[in-house]
Amino acid sequence: MAGSPKYELAWIGDKVETDFKDIQISAKDLVACQGEVGDFILTCNDRNNPAKIEAANIIINLPYQEEPVIEGADSLLNDNYYLKDDEPAIIVQDYPDLSPAFISKVALKRSLEIKNNYPDQEVYYLYQAMRFLEDNDRLYEEARKAGIVFLKFDIGQLTVSEDLKLSYEREDIELELAGTILAAPELKPADQTERLARIFNLVDGYQDYLQLDNIYLQPTQSGRRGVYLLRGSRGPTALTYYKEELDFTLGEIAKNLTGVNEIDDYERTIDDQKCIVCYTCYRVCPHGAIQRDDELNSMKIMELACQGCNLCISRCPTSAIEIDHDYFTEADSEDKTNLIICENSAEIAAEKYNSMTGEEPLSGFKEIVVPCVSTVERKNIIQLLASNSADIMVLGCVAEACKHLTGHDRCQQVIDRIKEDLEKLDLNKDRVHYQRLSPRMATDLGGFLADWKEAVIQ
Amino acid sequence: MIVGKLKDVNEIKDSLPDDLDSLLIAGCGSCVSVSLAGGEREAESLKNLLDFYYQTNNQEVSIETETIKRQCDDEFLDELELAIARNKIVLSLACGVGVQHLAIKYPDKIILPGLDTTFYGRTSDIGEWEEMCHGCGKCILDQFAGVCPVARCSKSLLNGPCGGSQDGICEVDDDIDCGWQKIYDRAEELGQLEKLLDFDFPKDWSTHKDGGVRSHKDPEFFQE
């Protein structure tokens, strides 16, 4: 784009000082994101910024929304609180639920701040669990020495009345407390989060945060390469190691700026004559790797963003997406169970099992390795069923270990549909099986396949 | 867009003659491909499933598939000619329009529907569609803040909701939003509530089903 500035990094939301050539964009002003890592094009609706901004990387850094858990109490995170001289200050860390770990630090600091500023003030600190990260143990010790009264409670041992009186009841202790309550609020995703999920084509995560609970995304990756998540866009515990996570992210961005490689060697192409621009591929892609090519009026795969799961291929209604590789060519005519395994879970677990025991857990099966079980289409399964009389076992991933985020569920949908269809035709649906594993579940895999061989094959 | 839903495979199988020896499954590459019901992928999956069914039941049936861009226009049918010539029976995965267009063009063939054509709708989520229009022949969206009372009120009421609207939900089904709630909310947002105070006379349904089978001609292509 001629004349447009090119930035190394675009901050969506709050900005942190860095050495990168960067730009800050308000989440509200952002309306679209096209392109891929190294070459994103952000469309903004802000008169102070150009309408189109080119950036190589993106950090979404939004504050949490705070929701009070005790009606009428002050927020522990609010620096402007008012204490009455004749009333104790009551810090409530974990009511009614446990707060994220970083809240311990905030609460300890707040209690010390009060005690230091007002030495005569009584300070109570109510908590369910104290998290000792970083220098929390020092702060805790300091707070105890300063005379702050720590009261640990379990669920049900602390109640708060409408007029803000606290009843603390634990074994032989019964206390009625009243005073200025500073309570840890419940943290919720920032209010623009849902919009941003749509703009960046990200899969919504736990409690509608932008990051799923997934080992491949930790600590700050989103499903889309080059898009990073911090604080209130990432998840409820993101502030605990905020500094480390920020450092990691900036390190990743520095690496990206020296070049990003494609993830696998296969070539995936969209036939522009067959593509009907139905957006199914765009909608199912867990990595935001597909966009429309306006010139061709066809969808196109962005090579650096694509992570090779093949979900777009298996779901394209017009079979317009092709790959120069066939995972299912050599279906076995012998009566060996066809074992379709994900290279990110079962294959790794099998290798681990082998190095642990010396046994080959996959021997005796016809093994078909796929980059993600979302590669599997209904037609593949039916073809395998027709090729011999053996069963088919698909070994996918547990949700948090699915490298392609939704692949495990997409495959489950395919398997469920096949079973439903087989049953409707009075065909044996019990020949098709689906199991979920993680790469760590080597023993489970070995044991499971050994039992399988014994029960089914022999 | 016309939305369709693939029929249950047992219903499809039951619609085929017992002595079937060959079958063409004809996919349609437009609307019903978008609604993931009648495109090449569905045609291929169905072929494999039926192949497997007949193989398991020791019946020799030759099944082929061919998917064309649209089954409702003559010009696209050329690509089907050879496959149609080879098969007496065609299972069309087009909407009801495409199925009948094939039947008109190939009167000596048995053209069977593989889909249920459901409605004119929009994609509301991945794999989910919502009815938006009944094709009533006289669009009144301008009067109702852009929300169609004919299609989106279960009773097609034009003068406000019935008594069955509760918390924005239609009494017909808990999964259906009350169309009139949507009309009200949108009109309020747009500052057009006064428009809803106009009394609507009974709609002229002669442009819809009451007027019989409909057709229309573009005057640029026809002389009086």
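The rules behind the values
Residues numbered from 1 in each chain as written. Chains lettered and ligands numbered in written order. Predicted model: local features only at pLDDT ≥ 70, side-chain atom pairs only at ≥ 80, totals over all residues. Heavy atoms only, no water. Helix = DSSP H or I, 4+ residues; strand = E, 2+ residues; numbered from the N terminus. Rg over C-alpha atoms; globule rule 2.2 N^0.38 Å. Buried < 20%, exposed > 50% of the residue type's maximum accessible area, 1.4 Å probe, protein only. Contact = heavy atoms within 4.5 Å. Areas by Shrake-Rupley, 256 points an atom, 1.4 Å probe, with all protein chains shown as cover. Lys, Arg positive; Asp, Glu negative; His and termini not counted. Charge placed at Lys NZ, Arg CZ, Asp CG, Glu CD. Pairing = 2+ DSSP bridges. Axes fitted to C-alpha atoms, helices over the stretch in contact; angles between N-to-C directions. UniProt positions renumbered as here; feature names shortened; annotations may be inferred. Core = buried A, V, L, I, M, F, W, Y, C linked by side-chain atoms within 4.5 Å. Patch = residues over 30% accessible without salt bridge, like charges linked within 9 Å, V, L, I, M, F, W, Y side chains within 5 Å. Salt bridge = Lys/Arg side-chain N within 4 Å of Asp/Glu carboxyl O. Polar contact = N/O pair within 3.5 Å; in protein donor to acceptor, adjacent residues only side chain to side chain. Phe/Tyr/Trp six-rings, centres within 6.5 Å; stacked < 30°, edge-to-face > 60°. Lys NZ or Arg CZ within 6 Å of the ring centre and 35° of its normal. Domains from an automatic or database assignment. Buried area = accessible area lost by both parts, 1.4 Å probe. Nonpolar A, V, L, I, M, F, W, Y, C, P; charged D, E, K, R; others polar.

Student: What am I meant to see in the overall build of chain B here?
Tutor: Helix and strand counts for chain B stand at eight helices and seven strands. Over its C-alpha trace chain B gives a radius of gyration of 22 Å, far above what one expects of a compact globule, namely 17 Å for 224 residues. Oriented by its inertia axes, the alpha-carbon framework of chain B measures out at about 65 × 50 × 25 Å. Looking at the 224 residues of chain B, the share that counts as buried comes to 41%. Put simply, 59% of the contacts in chain B that link residues at least 6 apart link residues at least 24 apart. Summing over all exposed atoms, chain B offers an accessible surface of approximately 12800 Å²; the carbon and sulfur share of this is 49%. Counting 22 positive and 43 negative side-chain charges, chain B places the centres of these two groups 2 Å from one another.

Student: Help me understand the sheet that holds strand 14 (residues 180–183) of chain A, please; the structure alone is not making it clear to me.
Tutor: Backbone-to-backbone hydrogen bonds join strands into a sheet, with any given pair of strands oriented parallel or antiparallel. Residue and element names in this part refer to chain A. Spatially, five strands are ordered 7-14-8-9-10 in an open sheet, and the strand pairing comes out parallel. Each having just a single partner strand, strand 7 (74–75) and strand 10 (149–152) make up the two edges of the open sheet. Against the sheet, helix 1 (residues 102–117) engages strand 8 (89–92), strand 9 (123–127), strand 10 and strand 14, with an angle of about 170° to strand 9.

Student: Looking at this model, I keep getting lost on the sheet that holds strand 1 (residues 2–6) of chain B. Mind explaining?
Tutor: Residue and element names in this part refer to chain B. Taken in spatial order, the three strands line up as 1-6-7 in an open sheet, and their pairing is antiparallel. For this open sheet the edge positions go to strand 1 and strand 7 (128–133), each flanked by a neighbour on one side alone. Taking each pair of neighbouring strands and ignoring which way they run, the sheet shows an average axis angle of 70°. One ladder, built from five bridges, connects strand 1 with strand 6 (residues 115–125); its direction is antiparallel. Each bridged residue has a counterpart across the sheet, and for Leu6 the counterpart in strand 6 is Leu115.

Student: Looking at this model, I keep getting lost on the UniProt feature "domain: Methylene-tetrahydrofolate reductase C-terminal-like" (unreviewed entry) in chain B. Mind explaining?
Tutor: With numbering aligned to this structure, UniProt lists the feature "domain: Methylene-tetrahydrofolate reductase C-terminal-like" (unreviewed entry) at residues 113–206 of chain B. The straight-line gap between the two end C-alpha atoms of residues 113–206 of chain B is 29 Å; of that span, 22% is helix and 19% is strand.

Student: Whenever I open this one, the nonpolar core confuses me. Can you help?
Tutor: Most often, soluble globular proteins have nonpolar side chains that are buried together. In this structure, Ile340(A), Ile381(A), Val394(A), Leu422(A), Leu23(B), Ile25(B) and Leu50(B) are the most contacted members of the largest nonpolar core, which totals 69 residues. A per-element tally of this core places helix 3 (residues 40–56) of chain B first, with seven residues. In this view, Ile25(B) contacts Ala43(B), Leu46(B), Lys47(B), Leu50(B), Ile63(B), Glu64(B), Thr65(B), Glu66(B), Leu91(B) and Leu93(B); residues no more than four positions away in its chain are not counted.

Student: Is there a simple way to explain a negative patch on the surface in this structure?
Tutor: Residue and element names in this part refer to chain A. A cluster of acidic residues, Glu262, Asp265, Glu267, Glu303 and Asp324, forms a negative patch at the surface. For Asp265, the position within the fold is in the loop between helix 4 (242–257) and strand 17 (268–270). Residue classification places Asp265 among the exposed residues on the basis of a relative accessible area of 77%.

Student: Any chance you could explain the side chain of Lys115(A) here in plain terms?
Tutor: Residues and elements named next belong to chain A. Looking at the element boundaries, Lys115 is found in helix 1. There is a polar contact of 2.6 Å between the side chain of Lys115 and the backbone oxygen of Gln121. With residues up to four places along the chain from it excluded, the contact list for Lys115 reads Gln121, Glu122, Val123, Ala146, Gly147 and Ile148.

Student: Is there a simple way to think about the packing of aromatic side chains in this case?
Tutor: The description of an aromatic ring pair uses the distance of the two centres, along with the angle that the planes make with each other. All names here are of chain B. In the structure shown here, the tally under the stated rule is 11 aromatic pairs over all chains. With a centroid separation of 5.2 Å and an interplanar angle of 75°, the aromatic rings of Tyr53 and Tyr54 are classed as edge-to-face. An identical accessibility class is assigned to Tyr53 and Tyr54; each is buried. If you follow Lys203 out to its NZ or CZ, it ends over the ring of Trp205, 5.5 Å from the centre. The ring centre of Phe222 lies 5.1 Å from the NZ or CZ of Lys217, which sits over that ring.

Student: Quick question: what am I supposed to make of the domain arrangement of chain A here?
Tutor: In many reports, interface size means the accessible area that the parts give up when they come together. Residues and elements named next belong to chain A. Looking at the assigned domains, one finds that chain A contains domain 1 (6–61 + 189–256), domain 2 (66–187), domain 3 (268–323) and domain 4 (338–457). Computed over C-alpha atoms, the centres of domain 1 and domain 2 are 33 Å apart. Contacts between domain 1 and domain 2 engage seven residues on the former and six residues on the latter. Taken together, the two surfaces of domain 1 and domain 2 that pack against each other cover about 540 Å², and 58% of this comes from carbon and sulfur. On the domain 1 side of the interface with domain 2, the three residues burying the most area are Pro236, Leu239 and Thr240, jointly 65% of the side's total. Taken together, the links from domain 1 to domain 2 amount to zero salt bridges. Viewed at the interface, domain 2 and domain 1 are joined by two residue pairs in polar contact (both at pLDDT 80 or more). Among the residues forming the side of domain 1 that touches domain 2, the class breakdown is four nonpolar, two polar and one charged.

Student: Which parts of the structure should I look at to understand the domain arrangement of chain B?
Tutor: Under the domain assignment, chain B is made up of domain 1 (2–118) and domain 2 (134–204). For domain 1 of chain B versus domain 2 of chain B, the separation of C-alpha centres amounts to 38 Å.

Student: Please clarify how the environment of Cys278(A) should be interpreted in this entry.
Tutor: Relative to the assigned elements, Cys278(A) resides in the loop between strand 17 and helix 5 (280–284). Its relative accessible area of 10% is what places Cys278(A) among the buried residues. Between the C-alpha atom of Cys278(A) and that of Arg110(A), which follows or precedes it by 168 residues, the distance is 54 Å. Sequence-distant contacts of Cys278(A), that is, excluding residues within four places in its chain, are made with Arg283(A), Pro317(A) and Val34(B).

Student: It is not clear to me how the environment of Ile63(B) should be interpreted in this structure. Could you clarify?
Tutor: All names here are of chain B. For Ile63, the position within the fold is in strand 3 (residues 62–68). With a relative accessible area of 7%, Ile63 lands in the buried category. In sequence terms Ile63 and Glu188 are 125 residues apart; their C-alpha atoms lie 56 Å from each other. In this structure, Ile63 is in contact with Leu23, Ile25, Lys47, Leu50, Asp51 and Tyr54, ignoring residues within four places of it in sequence.

Student: What is the right way to look at the interface of chain B and chain A in this model?
Tutor: Taken together, the contacts link 25 residues of chain B with 29 residues of chain A. Buried area between chain B and chain A, summed over both chains or domains, comes out near 2400 Å², and the portion from carbon and sulfur atoms is 62%. Of all residues in chain B, Arg41(B), Phe52(B) and Ile126(B) give up the largest surface area on contact with chain A, accounting jointly for 29% of the area buried on that side. Between chain B and chain A we count four salt bridges in total. With its nearest N and O atoms 3.2 Å apart, the salt bridge here joins Lys274(A) to Glu40(B). If you look at where chain B meets chain A, you find eight residue pairs in polar contact (both at pLDDT 80 or more). If you list the elements that add at least two residues to the side of chain B that touches chain A, you get helix 1 (9–15), helix 2 (31–34) and helix 3 of chain B. Here the side of chain B that touches chain A gets 11 residues from one element, more than from any other, and that element is helix 3 of chain B. Residue classes in the side of chain B that touches chain A are distributed as eight nonpolar, 10 polar and seven charged.

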